[in-house]
Amino acid sequence: MKWRVTWVFWAIMALHVAAVLIFTRGFLLTRTELPFHSSCSDVSDSPCFSRSGAAGSNGTGGSERCWTKPAVDRVVIIVLDALRFDFVAPSAFFKETKPWMDRLPVLQKLAFKEGSSAKIFKAIADPPTTSLQRLKVIPSTSDYISKLNPGGLPTFVDVGNSFGAPAITEDNLINQLIRNGKRVLMMGDDTWVQLFPHHFKRSYPFPSFNVKDLHTVDNGCIDNLLPSLYQEDWEVLIAHFLGVDHAGHIFGVDSLPMIEKLEQYNTVLENVISVLESQSGPGGLHENTFLLVLGDHGQTLNGDHGGGSAEEVETSIFAMSFKKPLSAIPAELGISCEYASDERFCISSIEQLDFAVTVSALLGIPFPFGSIGRVNPELYALAAGTWNMEKLKSDNPEYHFKSAEWLHNYANVLCINAWQVKRYIDIYSASSLIGFSSDDLLHVANLYDEAEAIFARKRDNFSSKSELSRLSTLKSQIDAYLKFLGSVAELARSKWTEFNLTFMGIGLGMMLLSLLVHVLAIKMVNELHNGSFNPIGSSGISFGLIFAFFIVAIRACSLLSNSYILEEGKVANFLLATAGVAKFRYSIMKRKRIFEAGLFLILICLLRFTIEIGLSKQAATSAFLHSSTSWMIGIDFNHPVLVYILQLLPMLALIGLAHLLHKSTADGCSQRICRFVVMGTIASYVLIVVYWASESNMLGLALINTARNVIPRIIYAIGIGQMLLLAFGQLFNGSKVVDHRSLFSKTVSMLSAWSPTVIILSGRQGPLIALASIVGGFCIVMLQNIEEESDGTAKPLVVNPLSVMEWSLLALSMFFCTGHWCAFDGLRYGAAFIGFDEFVLIRQAILLTIETFGFSHIIPVFGLPFLVLRHKLFAQKDLFVQLSLAYMMFGLIMAATVTVTILCVMIQRRHLMVWGLFAPKFVFDVAGLVLTDVLICLASLYYFCQPEDLKLETNTGGR
């Protein structure tokens, strides 16, 4: 019987994994990467090639032209990771001045000085806003490292590669630089050498994934940047700083380390600009150098990024040309910008998508084959002109001549730009199974033909027209090209991923099949042992089953709404409170367990409060805090007494946990292994107290960083040892019969083995959350079946579905109470480096998984046997059956909600928030489902010993 039940769990897990993989293949499709590369000779096939001066920066072609005539000789690209827009823009742009604003005054001074050769842009990134995606975009326009990619859009599935970036094989800006003889020097974030392993003339990579380290990468850049500016062995220099990103992750935006980092960057930029200006004279090394200071993405006030909020997708680009005289954009182009409140400053916007193709045009190299960006006119004008219209009046004939000359040059560049994009779209659609629809291709083709036709109709008599007529013609030509390029970009954003509905339908169907398997398995086990869902023995369906079904159905339906997904923690807490009120009502009616029912309601209220204002960084932007702060008036959270209380409280909670464990060994642990495991856990608790005391310097225990890393590693080692001890104990004693006492010992041992690791990774909130979990679980266990208990001797033969449902909702509430939410910016990356400074993918991924799902999945699954230990009069066979049913019901609830999530994602696949909300929700839910399945399978191997009376029945039947 044991293996029969265990086999069901493994089969369901396999079914879920297959369903998730198939659905994911249909939903999170990646853009097809084409193996083609642009070359200088390609442009001869374009309709732009035959035009006089097709790409010359001054209207004339020449032998030095490839696609466009080079406008700059050298480019310095300084990437400041997670650079928020309000780090760069003057505080006058915002309603309220914050401490972190105006900390880069050197950029503001240069950008807004009269006659300046510098400009600040607001850069808009496409989500997901992880650094890898932004890096792919810089070269390609997907993410800055991905942005140096071809200039294409990032795909959501790329997030999975953010911790182990594969080399980029698709054509990209870095590749074009190398193919065209440009030497590239790189320093800083080592992600660059992972993406481009053999591309750099010289490189100085530094490890980037230790978010606790604010200085190693930055100091490496500083040490190498200034000396490199005096060297002649490069045409493109890339320096990628990480300090602001790491400071945000650890301390948040509104923090002293963040301000110190920004001020450090200001000093570095002052030095860089000083060196470049000192050598920008005629014949100087940097006479024609172009400086770009940019962010790859923004960050929230909590320091998170990965989503699609304005704080995360808005960053900044500072561009400065050292060439004289300057160029300006003709007013006829109608460039718009955003003014500050005092109208002294104006900042234009640029799509990150446009970065790669604009830099390619400036350097005179072919545009990356997969680029769908446009050459930005303002960024291009900073370097691509040798005229100055600043002093010319609009009624001056020379003004119209210069304007027409500039517009003619820019129209020729856009012609090549549009031709490249059209070529890519045509080849992509012909080569990819997930290309654009025929209607979309027809629309794009019509826009392109219209742009070409405008110039063709007037090309013959263009030279004989007046300057004003030329300006009108060129303006129409440019508008047509920009309309085409904008349409392609929007089309790619909305339909780049053509969802495979067949795969998505199969995946959804398999999830529905898994629900049927769950139900049939529950029915089989229940009927096989003459169980009943009605505790008092009647043939009807119990209130608990009906109410549990009702609650699960409500929660499942709530997942179909984006608003309820955003408030999922509050929804779970409300439904848990609904069940708690029902239990409280029955406890009053029957005059039983009133204390436990009241305590449960109080706990739910505290959890609701915690979900709102948080014990973690999620509280930093809480709407509740901003709208309900009156209760906090007069409270100084920096008061020494309050600081000590907040530091001591988690340690006192740990002492309470240690006391509970010690009491459990005295009262219930019958196995020697259990006592050893609990002793190890109490020792780990002591180490955690020492670790936290050393962090806060409460007892003068300040430890050097290396020594501080030793304590978490010892705790991890103790936990691994405890697991191995329990595994060997099960392996050599697994044939022993199961009873209440041994099951209690096993459960306490498993939970105590996991708890120190989960607690230390969760931070100082860990002990408090652990105590809340114990109190909540205790109340659920004690109130089980209270609504249907009678005064007679009938006892329940089947675990109450309502209690399992409450257990599931309590676990979900713990996920949100610990400061997590279903988005990539809800991951607490710093936890992965507790005890370690260096990044190892598998190790850090395991630690991050334990921290994310510890209190919401690992502890609840292994603690589920407590639900069946409440009724000590059960026979051993009934205990085994109840434990099997409890895990089946728990798995069914999880599978049902994930199935609805999958259905929601399928329905909302074209929703505006599909990648910002529904896709992250899908990823977190399916990850939680697979983890739950794995844990249930492991729990079945650990807890399910064949009962003695069932053995006797089997032997008797065999005879």
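- Under an unreviewed UniProt entry, the name given to the protein chain is GPI ethanolamine phosphate transferase 3 isoform X4, and the source organism is Rhodamnia argentea.
- Listed in UniProt under the heading Sequence similarities (unreviewed entry), the comment for the protein chain reads: "Belongs to the PIGG/PIGN/PIGO family. PIGO subfamily."

## Brief notes about the overall build of the protein chain
Right, so step 1: For the protein chain, the helix and strand inventory stands at 31 helices and 10 strands.
Right, so step 2: The contacts of the protein chain with a sequence gap of at least 6 include a subset with a gap of at least 24, amounting to 76%.
Right, so step 3: Summed over all atoms, the accessible surface of the protein chain reaches about 37,500 Å², with 61% contributed by carbon and sulfur.

## Things to note about helix 19 (residues 568-590)
Right, so step 1: For helix 19, built from 23 residues, the straight-helix expectation of 33 Å at 1.5 Å per residue is met to within 8% by its first-to-last C-alpha distance of 33 Å.
Right, so step 2: Positive backbone phi, approximately 55°, marks Arg591, located one or two places after helix 19.

## Concerning empty space enclosed by the protein
Right, so step 1: In total, this model carries 4 cavities of 30 Å³ or more according to the counting rule given.
Right, so step 2: Empty space within the largest cavity amounts to approximately 320 Å³.
Right, so step 3: Arg555, Leu812, His857, Met894 and Thr897 are, among the 25 residues lining the largest cavity, the residues nearest its centre.
Right, so step 4: Of the residues in the lining of the largest cavity, the class split is 16 nonpolar, 5 polar and 4 charged.
Right, so step 5: Empty space within the second largest cavity amounts to approximately 60 Å³.

## What to know about the nonpolar core
Right, so step 1: Residues Ile759, Met805, Phe862, Tyr887 and Tyr943 are the most contacted members of the largest nonpolar core, which totals 118 residues.
Right, so step 2: Excluding anything up to four places from it in sequence, Tyr887 contacts Phe9, Val861, Phe862, Leu864, Pro865, Ile936, Ala939, Tyr943 and Phe944.
Right, so step 3: Formed by 80 residues, the second largest nonpolar core is a distinct cluster that contains Leu363, Ala381, Ile425 and Phe436.

## With respect to the environment of Phe322
Right, so step 1: Residue placement: Phe322 occurs in the loop between strand 8 (314-321) and strand 9 (338-339).
Right, so step 2: The class for Phe322 is buried, based on a relative accessible area of 2%.
Right, so step 3: Sequence separation between Phe322 and Ile273 is 49 residues; the distance between their C-alpha atoms is 9.6 Å.
Right, so step 4: When residues no more than four places from it in sequence are discounted, the contact partners of Phe322 are Ile273, Leu276, Glu277, Ser280, His286, Glu287, Thr289 and Leu291.

## Side note on the sheet that holds strand 4 (residues 184-189)
Right, so step 1: Read from one edge of the open sheet, 9 strands run 5-4-6-1-7-8-2-10-9, paired in mixed fashion. A single partner strand is all that each edge strand has here, and the edge strands are strand 5 (202-206) and strand 9.
Right, so step 2: Taken together, the 5 bridges between strand 7 (residues 289-294) and strand 8 define a ladder with antiparallel strand orientation. Across the sheet, residue Val293 finds its bridge partner in strand 8, namely Phe318.

## Examining the side chain of Thr747
Right, so step 1: Along the polypeptide, Thr747 turns up in helix 25 (residues 740-762).
Right, so step 2: On the basis of relative accessible area, Thr747 is assigned to the buried category, the value being 0%.
Right, so step 3: Looking at Thr747, its side chain comes within polar contact range of the main-chain oxygen of Leu743, at 2.8 Å.
Right, so step 4: Ignoring any residue separated from it by four or fewer positions in sequence, one finds Thr747 in contact with Phe862, Gly863, Pro865, Phe866 and Tyr943.

## Things to note about a nonpolar patch on the surface
Right, so step 1: Together, Tyr644, Leu648, Leu649, Leu652 and Ile655 make up an exposed nonpolar region whose accessible area comes to about 480 Å².
Right, so step 2: With respect to the helices, strands and loops of the structure, Leu649 is situated in helix 22 (residues 640-667).
Right, so step 3: Relative accessible area serves as the criterion here: at 40%, Leu649 is assigned to the partly exposed category.

## A short note on the packing of aromatic side chains
Right, so step 1: Applying the stated criterion across every chain, the model contains 24 aromatic pairs.
Right, so step 2: For the ring pair Phe815 and Phe816, a centre distance of 5.2 Å and an interplane angle of 85° mean the geometry is edge-to-face.
Right, so step 3: A residue is classified by how much of its surface remains accessible, and Phe815, at 5% relative accessible area, is buried.
Right, so step 4: Overall, Phe816 belongs to the buried group, its relative accessible area being 7%.
Right, so step 5: Taking 6.4 Å as the distance between ring centres and 20° as the angle between the ring planes, the aromatic pair formed by Phe815 and Phe853 counts as stacked. On the criterion of sequence distance, the pair formed by Phe815 in helix 27 (residues 801-817) and Phe853 in helix 28 (residues 841-863) is long-range, its members being 38 residues apart. The burial state of Phe815 is the same as that of Phe853; both residues are buried.
Right, so step 6: Put simply, the rings of Phe36, Phe369, Tyr424 and Tyr428 pair up and form one aromatic cluster.
Right, so step 7: Residue placement shows Lys119 over the ring face of Phe121; its charged tip is 5.8 Å from the ring centre.
Right, so step 8: Cation over ring: Arg843 sits above Phe836, and NZ or CZ is 3.9 Å from the ring centre.

## Quick notes on the pattern of salt bridges
Right, so step 1: For the structure shown, the criterion picks out 22 salt bridges.
Right, so step 2: For Arg84, the salt bridge goes to Glu311, with nearest N and O atoms at 3.3 Å. You can see Arg84 sitting in the loop between strand 1 (74-80) and helix 2 (85-88) and its partner Glu311 sitting in helix 10 (residues 310-313), a full 227 residues away along the chain.
Right, so step 3: Residue Glu311 is classed as partly exposed on the basis of its relative accessible area, which comes to 31%.
Right, so step 4: For Arg183, the salt bridge is made with Glu235, and the minimal N-O distance between the two is 2.6 Å. Of this pair, Arg183 sits in the loop between helix 5 (173-179) and strand 4 while Glu235 sits in the loop between helix 7 (216-229) and strand 6 (236-241); the two residues are 52 residues apart in sequence, bridging distant segments of the chain.
Right, so step 5: Accessibility expressed as a relative area gives 31% for Arg183, which makes it partly exposed.
Right, so step 6: By sharing partners, the salt bridges in this structure join Arg555, Glu568, Lys921 and Asp925 into a single network.

Reading guide: rules and limits
Residues numbered from 1 in each chain as written. Predicted model: local features only at pLDDT ≥ 70, side-chain atom pairs only at ≥ 80, totals over all residues. Heavy atoms only, no water. UniProt positions renumbered as here; feature names shortened; annotations may be inferred. Helix = DSSP H or I, 4+ residues; strand = E, 2+ residues; numbered from the N terminus. Contact = heavy atoms within 4.5 Å. Areas by Shrake-Rupley, 256 points an atom, 1.4 Å probe, with all protein chains shown as cover. Expected span 1.5 Å × (residues − 1). 1 Å grid on protein atoms, 1.4 Å probe; cavity = no way out; pocket = protein on both sides within 12 Å on 5 of 7 lines; lining within 4 Å. Points joined across faces, edges and corners; volume = space filled by probe spheres on them. Nonpolar A, V, L, I, M, F, W, Y, C, P; charged D, E, K, R; others polar. Core = buried A, V, L, I, M, F, W, Y, C linked by side-chain atoms within 4.5 Å. Buried < 20%, exposed > 50% of the residue type's maximum accessible area, 1.4 Å probe, protein only. Pairing = 2+ DSSP bridges. Polar contact = N/O pair within 3.5 Å; in protein donor to acceptor, adjacent residues only side chain to side chain. Patch = residues over 30% accessible without salt bridge, like charges linked within 9 Å, V, L, I, M, F, W, Y side chains within 5 Å. Salt bridge = Lys/Arg side-chain N within 4 Å of Asp/Glu carboxyl O. Phe/Tyr/Trp six-rings, centres within 6.5 Å; stacked < 30°, edge-to-face > 60°. Lys NZ or Arg CZ within 6 Å of the ring centre and 35° of its normal.

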